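For reference, the chains in residue letters:
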Amino acid sequence: MPLGPIEIEVIRNALTAAAAEMDVTVWRTSRSTIVRELLDYSTAVFDAEGNNLAQSARIPGHLNSMSHLLRELLDRWVDPASWGHEDVVITNDPYCGGQHLPDIVAFKPVEHEGRRIAFVGTLCHHIDVGGLAAGSYAAKAIEIFQEGLRIPPLKLIENGVRNEGVWAMIRQNVRKPELLLGDLSSQIASLEVGAAALRRLAARYGADSMIEAGRRILDMSEAAIRAAIRRMPDGTYEFTDFLDDDGIDLDQPIRLHVKLTVAGDAIAVDLSGCSPQVTGPTNATLASSNSAVMFAIMTACDEPFAANAGCYRPVTTIAPEGLVVNARFPAPVVHRVAVTHRLLNAMYGALHQVVPDRIPAAYYGNSYVCTFQTIPQDAPREVLVEIEIGGSGAHPAKDGVNAFASGMHNNSNIPIEMIESQMPLTVTHYALRDGSGGAGMRRGGLGLTREWRVDSDRALFTANMDRFVHAPYGLAGGGPAAVGRLTLTRADGQELPLAPKSDNVPLVKGDRVRLDTSGGGGFGDPAARDPDLVARDRALGYVRP
Amino acid sequence: MRAAEEDHPLPEPRPVRIAVDVGGTFTDLQVLDARSGAVRAWKTPTTPEDPSIGLMTGVREAASRFGFALSDVGLLLHGTTIATNAVLERRLARGALLTTAGFEDVLEITRHVRKELYVVDPDPFPCLIPRDRRLGVPERMRADGGVETPLDEGAVAGLIARLDALRAEAVAVCLLHSYVNPAHERRLAEMIAAARPGLPVTLSSDISPEIREYERSSTTVLNALLVPVVKAYLDRLETRLGEGGFHPLVFLVQSNGGVCSLATAAAQPARLLLSGPSGGALAAGRIAELLGRPNLVAVDMGGTSFDVSVVQGGRIGVVTQGEIDGLPVRLPMVEMRTIGAGGGSIAGVDAGGRLTVGPRSAGARPGPVAYGRGGAEPTVTDANLALGRLDPDYFLGGLMKLDMAATRAAIAAKVGTPLGLAVEPAAQGMLTVTNANLGAAVRLSLFEKGLDPRDFALLSFGGAGGLHATDVATEMGIREVIFPREPGTLSAYGILHSDLVQDLARSRVLSARPESLPAIAALVAELREEAAARLSRDGVAPEAQLLEVGADMRYRGQAFELLVPWLEALDLVALTARFHAMHRQRFSYADERDAVEIVTLRVTAIGRLPKPASGEPAPSGRPALKGSRRVFEDGAWRDVPVWDRDALPPEDRITGPAIVEEAFATHWIGRSWTASLGPAGALIATRSDA
């Protein structure tokens with residue numbers, strides 16, 4: 001069948017629909033609150049070389065790194081010739097192209113007419129993969145070996161048969177095996193669904209056309225991004241933002257420096273000015289860092305595009321190994337999300353100089369990850385992983401949005417009634433945090449306050465958070481947002497601050513932990529804000545008088 | 001007008017039943033006269049300022065045209081978008097929300113996940129009650145129904161004073177865990193009612209007693225803010241009735257595919273919110289029955305949207321949650337997938353050379369280029385015109401002239417030239433992309449249930465549906481397309497055949513094991529008793545009552561439940577087996593060893609309204625083959641026959657490519673399809689092997 005622009009668009013929509021079908025399957029069948037309520041997972045379709053062709057509308061940090069991982073697997077870790085179409089390969093290894101250990105990625109090839117035409121892939125953030133703290137988000141790890149079970153690229157399913165040894169190995173090494181393995185089954189089901197959708201498409205168009213369509217779909221997205229970059233003024237733009245610290249060497253800020261050069265229809269991003277890799281887990285592999293660079297540029301483009309690996313082609317990232325943005329084995333990396341959030345903040349700071357009408361002030365720039373492991377005397381231990389958010393940054397034309405999942409992640413919240421029905425924890429307060437948005441002609445969105453109380457005899461609390469020292473910046477005269485705060489109130493009423501990077505803090509019945517998150521930075525001179533809006537902010541309590 | 005009461009059991013022995021569907025532009029009526037069995041359709045303009053005016057006009061016009069007296073009308077079944085439009089246009093009461101203290105912002109925080117990943121200037125999620133009108137109540141329930149902090153009754157007077165100061169016209173109450181223990185909500189309602197007797201109060205434990213605080217709050221708030229709006233409408237309707245002996249029993253169409261009494265509608269107007277699709281789905285169910293086609297996928301395509309619903313084994317699919325304008329509504333409703341694709345969807349080419357159709361729409365204003373109302377961007381309707389599938393001189397039965405020259409020029413400029421294509425292949429490409437998108441929506445609707453499109457017939461209606469149906473069916477591997485009579489008033493036809501339906505639910509997480517059976521049995525008995533009482537209150541005689549029990553079930557740990565019908569009286573083994581089977585069909589796996597939970601028990605109370613048989617329409621004496629028209633099809637301009645739907649006798653067979661016209665719709669019968677009249681005046685197209 002000859003492929004005109006019509007057929008290309010039909011195939012592209014069908015590939016996106018396949019990713020959406022996969023997404024629905026995970027959503028409906030998964031077991032853990034982190035997958036099914038927080039929605040920390042992604043699904044995507046790739047060409048036979050591992051380039052991302054279509055994405056579900058889930059987590060940008062996942063979606064724009066999965067291509068990197070799959071290409072790395074095909075280049076170095078899995079013999080493509082022996083990867084059969086009934087084999088599912090999984091890995092969570094950051095040093096094989098992945099991001100951090102809780103993210104288990106599963107890929108399956110799709111064949112038609114005896115040829116490989118595509119891959120389908122699903123990434124889930126699992127509730128726990130072992131390691132020194134429940135939730136596998138330890139703040140104090142100094143080697144990846146402390147962060148949990150590291151699964152090299154291997155065949156979880158071979159010739160359609162489950163590799164029971166691997167399932168058993170995982171089961172013995174994680175804290176909530178029934179949730180992890182249930183979520184893994186969801187991932188596999190979603191791969192089956194995606195593969196079936198692609199085979200249906202291939203039966204209609206043939207293998208050659210599918211491959212040709214994939215090539216042109218990537219070309220079109222590349223052309224769209226290049227068209228937008230061409231409209232940007234050539235030049236070199238720099239910006240620096242900071243992470244507070246790595247949880248080990250406190251008061252040692254981590255520098256994220258971006259030097260961005262626009263030349264014609266291409267952009268080079270030099271990250272050589274970033275800090276060397278750190279002792280604690282606030283490190284990222286290149287797959288993670290690249291996803292932040294790509295996301296920043298894709299959103300800065302004012303041309304409609306279909307999100308896929310073609311968008312990455314006009315962009316070159318320079319990131320020498322050994323930096324915090326390209327950590328070397330065996331550095332711990334579980335808090336890589338903080339690096340990508342801050343890198344995105346830094347990228348936006350530079351891009352604000354390029355397309356000032358388009359770029360918002362800094363969002364909260366952080367996944368507020370915290371974990372409660374309840375330890376009752378006579379019942380099973382339960383694990384809750386919470387990922388909280390803050391406010392979005394003010395945009396040149398709009399206020400920031402209160403409590404809005406922004407930037408590199410895209411999490412929902414876990415209903416309080418669900419948490420309390422499942423484990424001995426009570427949420428005692430959940431509210432917008434007054435005054436946490438940056439001032440400006442456009443005000444930054446507000447962050448949140450959430451407070452949990454332990455109802456079991458004992459519990460362990462782990463937190464891995466940032467933006468407690470370095471506030472989300474404002475732009476064009478707008479003010480910064482509030483920094484975060486974590487407070488422990490003991491059952492007897494004694495209040496003490498908790499470090500935002502803390503492992504296994506022992507808690508007892510009646511203890512309360514309160515988290516206050518950052519809002520977004522403001523945009524423009526606060527004095528220029530419409531007085532009616534100022535009055536309204538006061539009336540609603542969004543700002544403090 | 002009077003509400004049905006126990007001393008007036010249904011049905012009233014009067015011969016005429018009227019279904020009225022009030023739409024944005026037209027008020028559609030279907031009238032069934034039991035004396036002749038005839039079903040007649042009528043249309044009259046909608047009167048948006050007070051839709052009851054148009055309703056009464058339509059009834060009077062129909063009475064004089066079809067020859068019945070207003071006093072002959074025993075039943076008026078009324079579909080209305082009054083609640084829907086009130087939300088979309090934010091013409092709502094000024095309300096306040098009472099929540100557990102410390103959780104006043106849950107309504108504004110929402111579930112906070114974004115739907116568009118690559119947007120730099122997001123809009124806030126909609127929030128119907130601003131922060132200064134959300135008040136905390138000192139109280140707290142636990143997940144097991146125990147009281148952690150008793151309701152501080154001493155604080156209620158202060159809350160009521162604040163409601164006064166805020167000039168609240170309606171109050172929503174949503175306290176944590178009230179779905180397990182509603183005691184605090186009920187006590188608050190009593191105290192407010194005693195102090196402010198006229199102030200309408202909606203309790204979350206009444207309208208949506210289900211777990212997840214944000215979704216329940218959203219539903220409760222929508223209901224509370226609608227109560228004054230819908231009540232005002234019902235009062236206006238009441239003043240219009242009673243004239244000329246017009247005293248029907250009145251029922252309103254709900255989102256769940258059934259009707260409810262006026263009393264229910266006045267207290268729980270959120271149940272009307274997504275009732276728009278109910279009529280179409282009901283019609284699909286009725287047609288499935290009449291035509292002996294238990295598996296139908298119904299597609300309704302208008303100017304801006306394409307709605308897909310599924311009839312499987314003769315039953316309309318119902319889900320437990322929907323959404324309006326981004327606001328969740330946790331109430332049962334007809335399962336419907338809507339995509340932004342219609343006759344008004346705009347086509348364009350982006351910088352990467354990609355042809356896109358929709359989701360932007362030209363709507364009714366300016367509308368397609370062809371309408372000549374200032375539209376400059378080519379739409380799907382324009383593509384149909386450019387290819388000859390629409391007649392520029394017979395659009396809406398000739399009421400509107402279409403501008404062919406402007407249409408062709410716009411397609412050339414915006415699609416053809418950028419892609420290097422002539423006008424015809426460019427227009428054809430617009431339709432191909434559109435039909436593929438429509439097909440994907442149909443496939444996803446079936447896929448979600450683990451169903452195979454080849455086991456389904458496609459039911460096409462709505463103003464624009466007929467032009468795309470056979471192409472979409474071909475795309476999907478569907479071999480039969482049904483074009484019902486009067487595709488423009490099909491919703492009213494469905495409403496004409498509706499039943500009273502009341503949904504009751506209780507959330508309680510219980511393991512599906514024998515030790516839970518006493519608790520389950522008690523809940524089901526409670527629900528059944530309440531359901532029977534409600535039907536009796538609405539005047540349904542015991543022999544017309546039907547109670548269906550179902551359970552929302554999941555594997556322990558899952559968030560999403562499958563609604564499993566419970567056909568066997570409290571047989572847990574059979575229920576669990578059905579759950580495993582449904583899970584395997586929908587999600588391709590099941591694990592009999594896994595723990596299964598019941599999250600919510602449901603009882604659907606059905607009050608059967610009698611279904612008088614309708615007669616077959618009489619053919620007119622006109623010739624059915626009107627002539628032919630030049631149509632661009634399969635790469636060339638050809639003469640294609642044009643048929644007159646209303647004159648078609650049962651023996652004629654239409655061979656595609658062909659066009660079938662009627663007053664308010666045009667149907668395209670594609671190549672390899674043949675069509676002829678079937679039962680109930682439906683035109684049935686089947687695909688032969690090409």
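Residues numbered from 1 in each chain as written. Chains lettered and ligands numbered in written order. Predicted model: local features only at pLDDT ≥ 70, side-chain atom pairs only at ≥ 80, totals over all residues. Heavy atoms only, no water.

*Asks:* I keep staring at the overall build of chain A and nothing clicks. Help me out?
*Replies:* When helices and strands are tallied, chain A shows 10 helices and 20 strands. In terms of overall size, chain A behaves like a compact globule, its C-alpha atoms giving a radius of gyration of 23 Å where 545 residues would be expected to give roughly 24 Å. The principal-axis extents of the C-alpha atoms in chain A amount to approximately 70 × 60 × 40 Å. Across the 545 residues in chain A, those meeting the buried criterion constitute 68%. Here the analysis covers contacts within chain A between residues at least 6 apart in sequence; of these, 73% occur between residues at least 24 apart. Accessible area for chain A stands at about 16,400 Å²; split by element, carbon and sulfur atoms hold 52% of it. Side-chain charges of chain A comprise 51 positive and 64 negative groups, with the mean position of each set lying 2 Å from the other. (Helix = DSSP H or I, 4+ residues; strand = E, 2+ residues; numbered from the N terminus. Rg over C-alpha atoms; globule rule 2.2 N^0.38 Å. Buried < 20%, exposed > 50% of the residue type's maximum accessible area, 1.4 Å probe, protein only. Contact = heavy atoms within 4.5 Å. Areas by Shrake-Rupley, 256 points an atom, 1.4 Å probe, with all protein chains shown as cover. Lys, Arg positive; Asp, Glu negative; His and termini not counted. Charge placed at Lys NZ, Arg CZ, Asp CG, Glu CD.)

*Asks:* What is the right way to look at the packing of helix H11 (residues 404–419) of chain B against helix H12 (residues 423–447) of chain B in this model?
*Replies:* Residues and elements named next belong to chain B. At a minimum axis separation of 9 Å, H11 and H12 run at an interaxial angle of 75°. Relative to H12, the element H11 is oriented roughly perpendicular. Of the residues in H12, those touching H11 at Arg-408, Ile-411, Ala-412, Val-415 and Gly-416 are Val-423, Glu-424, Ala-426, Ala-427 and Met-430. Of the residues in the contact of H11 with H12, the class split is 7 nonpolar, 1 polar and 2 charged. (Axes fitted to C-alpha atoms, helices over the stretch in contact; angles between N-to-C directions. Parallel < 35°, antiparallel > 145°, perpendicular 65-115°, else oblique. Nonpolar A, V, L, I, M, F, W, Y, C, P; charged D, E, K, R; others polar.)

*Asks:* Which parts of the structure should I look at to understand the packing of aromatic side chains?
*Replies:* The relation between two aromatic rings is expressed through the spacing of the ring centres and the mutual angle of the planes. If you walk through the whole model with that rule in mind, you get 15 aromatic pairs over all chains. Centre to centre, the rings of Tyr-363 of chain A and Tyr-364 of chain A are 5.1 Å apart; their planes meet at 85°, and the pair counts as edge-to-face. Overall, the relative accessible area of 4% leaves Tyr-363 of chain A in the buried class. By relative accessible area, Tyr-364 of chain A is classed as buried at 0%. Both rings, one in Trp-42 of chain B and one in Phe-66 of chain B, keep their centres 6.3 Å apart while their planes meet at 90°; by these two values the pair is edge-to-face. One end of the pair, Trp-42 of chain B, is in strand E3 (residues 38–45); the other, Phe-66 of chain B, is in helix H1 (residues 51–66), and 24 residues separate them in sequence. (Phe/Tyr/Trp six-rings, centres within 6.5 Å; stacked < 30°, edge-to-face > 60°.)

*Asks:* Could you clarify how one ought to interpret the interface of chain A and chain B in this entry?
*Replies:* Frequently, the measure chosen for interface size is the accessible area that the parts lose on association. Taken together, the 87 residues of chain A in the interface contact 69 residues of chain B. Taken together, both faces of the contact between chain A and chain B bury some 6,500 Å²; the carbon and sulfur share is 58%. Interface area lost by chain A to chain B is led by Arg-28, Arg-31 and Glu-417 of chain A, which between them contribute 12%. At the junction of chain A with chain B, the criterion picks out 12 salt bridges. Glu-382 of chain A is the salt-bridge partner of Arg-556 of chain B, the closest N and O atoms lying 3.9 Å from each other. (Buried area = accessible area lost by both parts, 1.4 Å probe. Salt bridge = Lys/Arg side-chain N within 4 Å of Asp/Glu carboxyl O.)

*Asks:* How should the pairing of strand E3 (residues 88–91) of chain A be read in this particular structure?
*Replies:* Residue and element names in this part refer to chain A. Both faces of E3 are covered, namely the face carrying Val-88 and Ile-90 and the face carrying Val-89 and Thr-91. Pairing geometry for E3 and strand E4 (residues 103–112), over 3 bridges, is antiparallel. Note that in E4 the partner of Thr-91 across the bridge is Val-105. (Pairing = 2+ DSSP bridges.)

*Asks:* What should I look at first to understand the confidence of the model for chain B in this one?
*Replies:* Residue and element names in this part refer to chain B. Mean pLDDT over chain B stands at 88; residues scoring 70 or higher make up 96%. When the criterion is pLDDT under 50, residues 1–9 qualifies, and its contacts beyond four places in sequence or with other chains add up to 20 contacts. Two summary scores accompany this predicted model of the complex, namely pTM at 0.89 and ipTM at 0.93. (pLDDT = per-residue confidence, 0-100.)

*Asks:* Looking at this structure, how should I read the sheet that holds strand E20 (residues 512–516) of chain A?
*Replies:* What holds strands together in a sheet is hydrogen bonding between their backbones, with the strands either parallel or antiparallel. Residues and elements named next belong to chain A. On the basis of which strands lie adjacent, the open sheet formed by 5 strands has the order E14-E15-E20-E17-E18 and antiparallel pairing. Since the sheet does not close on itself, it has two edges, and those belong to strand E14 (425–432) and strand E18 (495–497), each with one partner. Each adjacent strand pair in this sheet contributes to an overall mean axis angle of 20°, direction not counted. Taken together, the 5 bridges between strand E17 (residues 485–489) and E20 define a ladder with antiparallel strand orientation. In the sheet register, Leu-488 faces E20, and the bridge partner there is Val-513.

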